[in-house]
Amino acid sequence: MSDRCVDSKKTARMNSILHYLKKNKIIHYHNEEIKPYITMKIGGRVKLIVIIKRNEDLKALGLKILERDSPYILIGGGSNVIFSDEYSPIIVIINRTPDIKQYDNHTIQVNSGVTNQSLMNWCIKNNISGLEFLAGIPGSIGGAAAVNAGAFGKSVSDILKYAEIIDEKGHIQQVPNLFFQYGYRYSIFKTGKKILLNIFLNCRQSNRSQILTRVNTNLKYRKENHPSYSHFTAGCFFKNPLINNQRISAGKIMERSHLKGKHFYNLWISDKHANFIINKGKAGFHDLCNMEKEICEAVFQKNNVLLEREVIYISPDGKKIRMGICQINCFFKLSKK
Ligand SMILES: Cc1cc2nc3c(=O)[nH]c(=O)nc-3n(C[C@H](O)[C@H](O)[C@H](O)COP(=O)(O)OP(=O)(O)OC[C@H]3O[C@@H](n4cnc5c(N)ncnc54)[C@H](O)[C@@H]3O)c2cc1C
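In short, a report on the structure. (Residues numbered from 1 in each chain as written. Predicted model: local features only at pLDDT ≥ 70, side-chain atom pairs only at ≥ 80, totals over all residues.)

What about the overall build of the protein chain?
Applicable threshold: What counts as a helix is a DSSP run of H or I of at least four residues, what counts as a strand is a run of E of at least two, and both are numbered from the N terminus. In this setup the radius of gyration rests on C-alpha atoms only. A globule is expected at 2.2 Å times the number of residues raised to 0.38. Using C-beta atoms placed from the backbone, we call a residue buried if 20 or more other C-beta atoms fall within 10 Å of its own, exposed if 12 or fewer do, and partly exposed for counts in between. Note on contacts: residues are paired as contacts if their backbone-placed C-beta atoms lie within 7 Å.
Each helix and strand in the protein chain was counted, giving 9 helices and 21 strands. Computed over the C-alpha atoms, the radius of gyration of the protein chain is 21 Å, within 12% of the 20 Å expected from 2.2 N^0.38 for a compact globule of 337 residues. Seen through its principal axes, the protein chain has C-alpha atoms that stretch 60 × 55 × 35 Å. Going through the 337 residues of the protein chain one by one, you find that 40% of them count as buried. Restricting the contact set of the protein chain to residue pairs at least 6 apart, pairs at least 24 apart contribute 66%.

What follows is the structure in structure tokens.
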């Protein structure tokens, strides 16, 4: 197919999506910077940003985009993703679908765009327990289910029963917990293109004051041990590595490698928790990549540990990249030993 033919197909595809957005009064912005929607405030302009506030719109738009094979990425709170500084000719869907309801005595049904914070408030109001570990984790429940977010020894994989999804072929299905292939901070949704629409979570009725106590204890721990939420971060940047079958704190290993509190480029390794990398305001994607490389090399040299990034990088064509150059460099050194 000639380049002109490919271009006119792409234009027709985009026009049909734009027509749909306008017709359904869905908020969208052309050629806007993505960084305001990302907690680390890094990332360049993207072709189209769409803000979705109704589950029917997420379903319909998801089907339309998948049907037309348009390059896209779906995000929730943007607290575990970083975009490159280059222009990305893709559609970024920002999911803010809001509904939560009691499905049966032991299950709640949550739209994937509901923030963990709203979910927590709803649970407190309705005396629902079992989700307190999510208190203070920024972002949406869809994002949390996709990356298997967790804290205090519990993660989403422990409470997710099943989910309503759209697969890559545009089929709407209900899939069980096993379908996610959950691992530590991993599911197949973290890297793939499938869309989570609704999440069904295990829960139980409990006493409101006990729920509140657990939520407040967790929030207090975060306040005392993590940098302030007003900083631009993506939470823990690296996964806790598995050493002798045990997860060891990446922050502690970075501390042992004398990295805590260091300033590199326009970034800062928090002096409260070394696994929190803070954008001082002007950092770009290149600064972050350079810093990641230096951290990985320092940790590898001083502690012989290979750190793996937890945060996902999004390439300009909308691909999710898990492993960084620094890790490949370290592997290279390892294999030469
Ligand atoms: C201050 C701070 C503290 C943090 N503390 C923790 C912590 O204690 N534990 C922890 O695990 N994480 C923590 N994080 C990281 C982050 O908040 C979590 O991983 C969060 O669950 C990500 O949700 P999100 O909606 O922001 O996801 P996003 O960053 O928007 O997306 C993450 C991934 O999920 C995919 N995704 C999002 N929504 C959907 C959907 N509906 N369907 C399919 N795929 C989807 C995206 O495509 C992407 O691959 C922290 C971050 C910050 C900034």
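So, next bit.
Some remarks on the pairing of strand β11 (residues 160–166)
For the record, the criterion: Only strands that DSSP links by at least two bridges are regarded as paired with each other.
Sheet topology places β11 next to strand β13 (residues 195–202); 6 bridges connect them, and they run antiparallel. The partner of I166 across the bridge, within β13, is I195. Sheet analysis places β11 next to strand β12 (residues 172–176), joined by 5 bridges and oriented antiparallel. Of the residues in β12, the one forming a bridge with E164 is Q174. In textbook terms, the turn of a hairpin is the stretch between consecutive antiparallel strands, and for β11 and β12 this stretch comprises 5 residues, one of which, G170, has a positive phi near 85°.

Quick look at the site of the ligand
Operational definition: Whether a residue is near a molecule or strand depends on its C-beta atom, placed from the backbone, lying within 6 Å of it. The nonpolar class holds Ala, Val, Leu, Ile, Met, Phe, Trp, Tyr, Cys and Pro. Asp, Glu, Lys and Arg form the charged class, and all remaining residues, Gly among them, are polar.
As a matter of local geometry, the ligand sits amid 34 residues, with G76, G139, G142, G143 and G235 nearest to it. Secondary-structure elements contributing two or more residues to the shell around the ligand are β3 (72–75), α4 (141–147), β9 (150–151), α5 (188–191) and β13. No other element matches α4, which puts 5 residues into the shell around the ligand. When the residues that make up the shell around the ligand are grouped by side-chain class, the tally is 17 nonpolar, 15 polar and 2 charged.

Focus: the sheet that holds strand β18 (residues 267–269)
Spatially, β17-β18-β19 is the arrangement adopted by the 3 strands of the open sheet, whose pairing is antiparallel. Looking at strand neighbours, the two that pair on one side only are β17 (263–264) and β19 (277–279), the edges of this open sheet. Where β18 and β19 come together, 3 bridges link them in antiparallel fashion. Considered in β19, the bridge of I269 is made with I277.

Things to note about the nonpolar core
Going by this rule: Note on definitions: a nonpolar core is a set of buried residues drawn from Ala, Val, Leu, Ile, Met, Phe, Trp, Tyr and Cys, linked by C-beta atoms within 7 Å.
I82, V92 and A145 are the most contacted members of the largest nonpolar core, which totals 88 residues. Leaving out residues up to four positions away in the same chain, A145 has contacts with V156, L160, A163, F189, L196 and I199.

Topic: unusual backbone geometry
Not every positive phi belongs to a glycine, and N148 is a case in point at roughly 55°. Along the chain, N148 turns up in the loop between α4 and β9. Non-glycine residue N244 carries a positive phi angle of around 50°. For N244, the location among the structural elements is in the loop between β15 (242–243) and β16 (246–247). For N244, a count of 5 C-beta atoms within 10 Å puts it in the exposed group.

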